[in-house]
Amino acid sequence: MHDHPRPDHPRPDHRCPDHRRPGHDRPGRGRPDHRRLGRELDLFDTDPLIGRGLPFWLPAGAAVRHAVEGYVRRAERLAGYRHVHSPIMGKRELYEISGHWAHYREDMFPPMIVGGEEFVLRPSLCPHHALVFRSRPRSHRDLPLRLAELGGMHRAELSGVLGGLSRVRAIQLNDGHVFCAEEDAGREVAAALAMIAEAHRALGVTASGYRLSLRGDGDKYIDDPAMWERAEVILRGALEERGLPYEEAAGEGAFYGPKIDVQITDPAGRESTLSTVQVDLFQPGRFGLEYIGPDQRMRRPVMVHRSVVGSMERLMAHLIEVYGGAFPAWLAPVQVVALPVSDTERHAAGEFIRACEEAGLRAELSGPEDGTLGARIRESRLVPYQAVIGPREAGAGQVSLRLRDGSRREPLPASEVVAWLSREAAPHR
């Protein structure tokens, strides 16, 4: 289970980066707020008929989210993950077996009775993935089995703590579970930490610290000290192998085991958890998971939970505030806007837009009906690339590019511009 963690209290000793991007310096606006920017930029919205804590994504926000999803899925495939889909609910019995019903019930929605059976909106994906593993006979040759899913889950958050995208009731989590031999678990944890670091680099996310979250007192946690110790040793070893300094936090672990929380700090200095890696020695036993070892004897796998970029909601809230709406080219809702100077150049601009779209770019046309050229340039200030097409460019089959920072490039053939944009807007940059 991956927690959708509650933001921690602000830590004044964390540096608050000064991002000089649109949306940060507007008079009277203060620090960037993803709730305000998200609505101003048509990224997401809410409606009381849907309910609090249940935002919906508008086309621009969905475009950013799809770019992130595409990047993560490709990274997971390259790392040997197989993608699955599983239902957003299950029978109450499923969560009784997993331990959620006993230890996590207050955060779950109440059961729904259908056909005399009780169903529950899932609070996490791990029980479903455990059943995916159990659905087929497994051998040591199949391990490590890495499963990944961008899946929905639900948490019964109280109304008073809901806010924008950072605290919601319906969560889309970039989740994954690795089933492996215990001796290989440390290697899988270290690999997950490497994936997280690379994804953060690509997204422009800076980790403010690593936290080893341990069990606390009370009956919230599985009472098996030896099991906790074995899992902690694996996590500590992976952190030390990668040379990552970390702090310990008692009472922040999952109910079944410890976890590594990758912390981020927003421009206002508030710290929260984005990515996690967890070692689970509990649920494999509860679900009776087994594989055939090299000696032909049945063995129990370890379940490593990992979320590379966390939930789409919390990630987007962070990115909106970090970039102030001026997303990197590969994430921008619109990557290039074509600006014909007059109606005479509209056809050439339309052809350029089609070429961009065929190359996989998100492109739009803004014609004279939208205002003067200067007004359209100002309106498109958050778009990374503006393609100005006047009579000279249209006649020569060329495009003049303006970049978001105000710099300009000499007119080039439209095909060359499309090729250059495709390279510049690639997510690996």
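Residues numbered from 1 in each chain as written. Predicted model: local features only at pLDDT ≥ 70, side-chain atom pairs only at ≥ 80, totals over all residues. Heavy atoms only, no water.

Focus: the overall build of the chain
Point 1. Scanning the chain from terminus to terminus reveals 13 helices and 20 strands.
Point 2. Its C-alpha radius of gyration of 24 Å places the chain within 12% of the 22 Å reference for a compact globule of 429 residues.
Point 3. Considering only C-alpha atoms, the chain reaches an extent of 75 × 50 × 50 Å along its principal axes.
Point 4. Here the chain holds 429 residues, and the buried ones make up 53% of them.
Point 5. Taken as a whole, the chain presents about 19300 Å² of accessible surface, with 51% of it coming from carbon and sulfur. (Helix = DSSP H or I, 4+ residues; strand = E, 2+ residues; numbered from the N terminus. Rg over C-alpha atoms; globule rule 2.2 N^0.38 Å. Buried < 20%, exposed > 50% of the residue type's maximum accessible area, 1.4 Å probe, protein only. Areas by Shrake-Rupley, 256 points an atom, 1.4 Å probe, with all protein chains shown as cover.)

Observations regarding the pattern of salt bridges
Point 1. All chains considered together, the criterion is met by 26 salt bridges.
Point 2. Salt-bridge contacts for Glu117 lead to Lys91; the nearest nitrogen and oxygen are separated by 3.1 Å. With Glu117 in strand β6 (residues 117-121) and Lys91 in strand β4 (residues 89-91), this residue pair connects regions lying 26 residues apart in the sequence.
Point 3. Residue class for Glu117 comes out partly exposed when judged on its relative accessible area of 34%. (Salt bridge = Lys/Arg side-chain N within 4 Å of Asp/Glu carboxyl O.)

Here we look at a nonpolar patch on the surface
Point 1. On the surface, a cluster of nonpolar side chains totalling about 310 Å² of accessible area is made up of Ile88, Met89, Met112 and Val114.
Point 2. As for its position among the elements, Met112 is in strand β5 (residues 112-114).
Point 3. Its relative accessible area of 35% is what places Met112 among the partly exposed residues. (Patch = residues over 30% accessible without salt bridge, like charges linked within 9 Å, V, L, I, M, F, W, Y side chains within 5 Å.)

Concerning the sheet that holds β5
Point 1. Taken in spatial order, the three strands make up an open sheet running β4-β6-β5, and their pairing is antiparallel. Each having just a single partner strand, β4 and β5 make up the two edges of the open sheet. Ignoring which end each strand starts from, the neighbouring axes of this sheet average 40° apart.
Point 2. Two elements, β4 and β6, share three bridges in a ladder whose sense is antiparallel. (Pairing = 2+ DSSP bridges. Axes fitted to C-alpha atoms, helices over the stretch in contact; angles between N-to-C directions.)

Overview of the packing of aromatic side chains
Point 1. This structure, assessed with the given rule, holds six aromatic pairs.
Point 2. Taking the centre distance of 6.3 Å and the plane angle of 55° together, the rings of Tyr323 and Phe327 count as tilted. In this pair, the class of Tyr323 matches that of Phe327, namely buried.
Point 3. Over the face of the ring belonging to Phe133 we find Arg138, whose NZ or CZ atom lies 5.4 Å from the ring centre.
Point 4. Of note, Arg306 hangs over the ring of Tyr81, and the distance from its end group to the ring centre comes to 4.7 Å. (Phe/Tyr/Trp six-rings, centres within 6.5 Å; stacked < 30°, edge-to-face > 60°. Lys NZ or Arg CZ within 6 Å of the ring centre and 35° of its normal.)

Considerations on the sheet that holds strand β19 (residues 398-403)
Point 1. With respect to topology, five strands assemble into an open sheet ordered β17-β16-β18-β19-β20, the strand pairing being mixed. In the strand order of this sheet, the two ends are held by β17 (363-365) and β20 (412-413), each with one partner.
Point 2. By the bridge criterion, five bridges tie strand β16 (residues 336-340) to strand β18 (residues 385-389) in an arrangement that is parallel. Within β18, the position partnered with Val336 by the bridge is Tyr385.
Point 3. Together, β16, β17, β18 and β19 form the strand contacts of helix α10 (residues 346-358), whose direction differs from that of β17 by roughly 165°. (Contact = heavy atoms within 4.5 Å.)

Notes on the layout of surface pockets
Which parts of space are left empty comes out when a probe the size of a water molecule is rolled across the atoms.
Point 1. Taken as a whole, the largest pocket spans an internal volume of roughly 620 Å³.
Point 2. Lining the largest pocket are 23 residues; nearest its centre among them are Leu41, Val334, Glu364, Glu379 and Val383.
Point 3. Counting residues per element, the ones that place at least two in the lining of the largest pocket are α2 (59-78) and β17.
Point 4. With three residues, α2 is the single largest residue contributor to the lining of the largest pocket.
Point 5. Of the residues in the lining of the largest pocket, the class split is 13 nonpolar, three polar and seven charged. (1 Å grid on protein atoms, 1.4 Å probe; cavity = no way out; pocket = protein on both sides within 12 Å on 5 of 7 lines; lining within 4 Å. Points joined across faces, edges and corners; volume = space filled by probe spheres on them. Nonpolar A, V, L, I, M, F, W, Y, C, P; charged D, E, K, R; others polar.)

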